[in-house]
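Results of the structural survey
The primary structure of each chain is shown beneath.
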Amino acid sequence: MNVHALTFLNSQNQKCNICGRTPLFWLPRGHRHPILQELNIIGAGRRFCDCPYCGSSDRARLIGYFVNKHPEHFNHKNILHIAPEKPIWKRWKKWGALATGMDARATGYRFSYSKDVLNGNIEKIPFENETFDWVIANHVLEHVQHENAALHELHRVLKAGASMILQVPFTNQLEFTRSSKPNWTDEDRKQQLGQYDHQRLYGLDFKKKVSHFGFVFKPFEMKETTAHNYRINPDEKIFLFEKQNNQP
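Rules and cut-offs
- Residues numbered from 1 in each chain as written.
- Predicted model: local features only at pLDDT ≥ 70, side-chain atom pairs only at ≥ 80, totals over all residues.
- Heavy atoms only, no water.
- Core = buried A, V, L, I, M, F, W, Y, C linked by side-chain atoms within 4.5 Å.
- Buried < 20%, exposed > 50% of the residue type's maximum accessible area, 1.4 Å probe, protein only.
- Helix = DSSP H or I, 4+ residues; strand = E, 2+ residues; numbered from the N terminus.
- Contact = heavy atoms within 4.5 Å.
- pLDDT = per-residue confidence, 0-100.
- Phe/Tyr/Trp six-rings, centres within 6.5 Å; stacked < 30°, edge-to-face > 60°.
- Lys NZ or Arg CZ within 6 Å of the ring centre and 35° of its normal.
- Pairing = 2+ DSSP bridges.
- Axes fitted to C-alpha atoms, helices over the stretch in contact; angles between N-to-C directions.

**Quick look at the nonpolar core**
Counting residues in each nonpolar core, the largest one holds 30 residues, and the members touching the most others are Ile 82, Leu 141, Leu 154, Met 164, Leu 166 and Phe 206. Elements represented by at least two residues in this core include exactly strand E3 (78-82), strand E6 (132-138), helix H5 (147-157), strand E7 (158-167) and helix H7 (206-211). Setting aside anything within four residues of it in sequence, one finds Leu 141 in contact with Glu 147, Ala 150, Leu 151, Leu 166, Val 168, Arg 200, Tyr 202 and Phe 206. Residues Trp 26, Ile 136, Phe 220 and Ile 232 belong to the second largest nonpolar core, which totals 28 residues.

**As for the confidence of the model for the protein chain**
If pLDDT is low for a region, its predicted coordinates should not be looked at in detail. Residues of the protein chain with pLDDT of at least 70 account for 93%, and the chain-wide mean is 92. Across residues 1-5, confidence stays below pLDDT 50; counting only partners more than four residues off in sequence or on other chains, it has three contacts.

**Brief notes about the packing of aromatic side chains**
Counted under the stated rule, the structure contains 16 aromatic pairs. With a centroid separation of 5.9 Å and 35° between ring planes, the pair formed by Phe 74 and Trp 92 is classed as tilted. With Phe 74 in the loop between helix H3 (58-69) and E3 and Trp 92 in the loop between helix H4 (86-89) and strand E4 (98-103), this residue pair connects regions lying 18 residues apart in the sequence. Taking the relative accessible area as the measure of exposure, Trp 92 reaches 1% and is therefore buried. In this structure, Arg 21 packs its charged tip against the face of Tyr 53, placed 3.6 Å from the ring centre. Against the face of Phe 217 rests Lys 207, its NZ or CZ located 4.5 Å from the ring centre.

**Some thoughts on the sheet that holds strand E5 (residues 117-119)**
Read from one edge to the other, the open sheet built from seven strands follows the order E5-E4-E3-E6-E7-E11-E10, with strand pairing classed as mixed. With one partner strand each, in any of the chains shown, E5 and strand E10 (215-217) form the two edges of the open sheet. Neighbour-to-neighbour, the strand axes of the sheet open up by a mean angle of 25°, direction not taken into account. Along the sheet face, H3 touches E6, E7 and strand E11 (240-243) and points at about 155° away from the line of E6. Strand contacts of H5: E3, E6, E7, E10 and E11, with the helix running at about 135° to E7, the strand carrying the most contacts.

Below, the structure is given as structure tokens:
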């Protein structure tokens, strides 16, 4: 068996924790831009990780693991799922949650665009103050033009003490987040940020940036063996934040 085959064949009987099946192989995802390897960007890069049955990615299964681990946090709770991944979106009812989907419907992306998913922008969320118990935004914030406006809106629509999972591409090798400059082209963003439509690449200051808008980071650990069993990147941790009453 050649090396290439070993990258996608499920030789270790890893399981998809979204659909519960054990695939014979995993489908590819991501890119091979040099910056992804140079900065060891977590949550990005070319890899074989998508479930051929339900389409879940390693990033979706990370969210699925958290929900399955703490079902009481989501049962009968109001969830705002931004850019909802289809495998997760289809299972909110099974998890007992009352989910609302919202997406900006950007060209080139295919999320859950059912009639229940609103056309909306995270920079101006069309809901009243303190509407939701949870926000799930899985690799969304790096695409947003006005990051501060988005974080302000996320704080506004969450109830006091409510939580959000805010996953982003992340590197431990940058002390400060690298942001796109006004004169950068798509090629510049690809070379500097890892993807042509990303506005920033988050560094070690990410948790501090989010906390500035009235959130506190809540650590959540997952065993490396668990990550392996579900073909989840063990280096991609859950960015879990809880809303505080204070906001600048």
